[in-house]
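# Fold and contact review
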Amino acid sequence: MAADEREAREELDGIRLSIDNIDAALIHMLAERFKYTQRVGRLKADHGLPPTDSARETRQIARLRALAEESHLDPAFAEKWFNFVVAEVIQHHEELAGANGVATAEPAQSAQPAEPTDSPS
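As a convention, each chain's residues are numbered from 1 in the sequence order in which they are written. For a predicted model such as this one, the threshold for reporting local features is a pLDDT of at least 70, and the threshold for listing and counting side-chain atom pairs is 80 or more; totals across whole chains, interfaces and linings nevertheless cover every residue. To obtain the side-chain values, all non-hydrogen atoms of the structure were used and water was disregarded.

Now for the overall build of the chain. Strands here mean DSSP runs of E at least two residues long; helices mean DSSP runs of H or I at least four residues long; both are numbered from the N terminus. In terms of regular secondary structure, the chain is built from three helices and zero strands. Its helices and strands taken in sequence order, the chain reads α-α-α from the N to the C terminus. Put simply, the chain has 121 residues, and 22% of those count as buried. Residue pairs at least 24 apart in sequence account for 69% of intrachain contacts in the chain once pairs closer than 6 positions are excluded. Using a 1.4 Å probe, accessible areas were evaluated by the Shrake-Rupley method; residue-level cover was limited to the displayed protein chains. Only carbon and sulfur atoms are counted for the fraction: they give 58% of the accessible area of the chain, which is about 8,800 Å². Each residue is assigned to one of three classes by its accessible area relative to the maximum for its type, calculated with a 1.4 Å probe on protein chains only: buried under 20%, partly exposed between the two thresholds, exposed over 50%. Only heavy atoms matter for contacts: two residues are in contact if any of them lie within 4.5 Å across the pair.

Below you can see the structure in the form of structure tokens.
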């Protein structure tokens, strides 16, 4: 193996280690996030509140798209990620509501991927 290839592989290994560390941090942060969303779900179920909050979800999507733009991340990707997470959260909330005998007022929205746009809105 040539010296330049060995250096490239060492650099690649270092970059991949950083990616692995970031992946681990993301998993830990998601676990922490779900602890809080479970608390939200229990509060909603205990008080007969609907599992979904469309107005909040709309505000969050706008906020996360703006954060994504500021961070040079595709806003459509940020929205897809959020919709994926929210679908899982809503499922948990509906399960908690069902366990408490609470009818769900709003049907859960499926996490449909956002269509990419040409504008950075």
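Read on for the rest.
In this section: the side chain of Gln60. In this fold, Gln60 is placed in helix 2 (residues 54–70). Since its relative accessible area comes to 12%, Gln60 is described here as buried. Among the polar contacts listed, one links the side chain of Gln60 to the side chain of Arg63, at a separation of 3.1 Å. Nitrogen and oxygen atoms within 3.5 Å of one another constitute a polar contact, given that in protein one can donate a hydrogen and the other can accept it, and given that sequence-neighbouring residues count only through two side-chain atoms.

Moving on: the confidence of the model for the chain. Within a predicted model, pLDDT stands for the predictor's per-residue confidence, ranging from 0 to 100. Per-residue confidence for the chain gives a mean pLDDT of 86; residues scoring 70 or more make up 83%. Highest mean pLDDT in the chain belongs to helix 2 (97); lowest belongs to helix 3 (residues 75–99) (92). A low-confidence stretch, residues 105–121 (pLDDT under 50), is modelled with 26 contacts involving residues beyond four sequence positions or located in other chains.

Turning next to the packing of helix 2 against helix 3. In this description, a line fitted to the C-alpha atoms serves as the axis of each element, helices being fitted only across the stretch in contact, and the angle between N-to-C directions of two axes falls anywhere from 0 to 180 degrees. It is the contact of helix 2 with helix 3, at a shortest axis distance of 8 Å, that shows an interaxial angle of 145 degrees. For the element pair helix 2 and helix 3, the recorded crossing hand is right-handed. For the pair helix 2 and helix 3, contact is made by Glu57, Gln60, Ile61, Leu64, Arg65, Ala68 and Glu69 and by Pro75, Ala76, Ala78, Glu79, Trp81, Phe82, Asn83, Val86 and Ile90, respectively. Amino acid classes used here: Ala, Val, Leu, Ile, Met, Phe, Trp, Tyr, Cys and Pro are nonpolar; Asp, Glu, Lys and Arg are charged; the rest, including Gly, are polar. A class-by-class count of the residues in the contact of helix 2 with helix 3 yields 10 nonpolar, two polar and four charged. Definitions for this section: a left-handed crossing has its near helix turned counterclockwise from the far helix by less than a right angle. A right-handed crossing has that turn clockwise.

What follows concerns the pattern of salt bridges. One side-chain nitrogen of Lys or Arg within 4 Å of one carboxyl oxygen of Asp or Glu is enough to make a salt bridge. Applying the stated criterion to the full structure yields three salt bridges. A salt bridge links Arg9 to Glu5; the nearest nitrogen and oxygen atoms lie 3.2 Å apart. One end of the pair is Arg9 and the other is Glu5, both in helix 1 (residues 3–46) and four residues apart, which spans about a single turn. The salt bridge involving Glu32 is made with Lys35; its shortest N-O contact spans 3.4 Å. Of this pair, Glu32 and Lys35 both sit in helix 1, three residues apart, which is roughly one turn of that helix.

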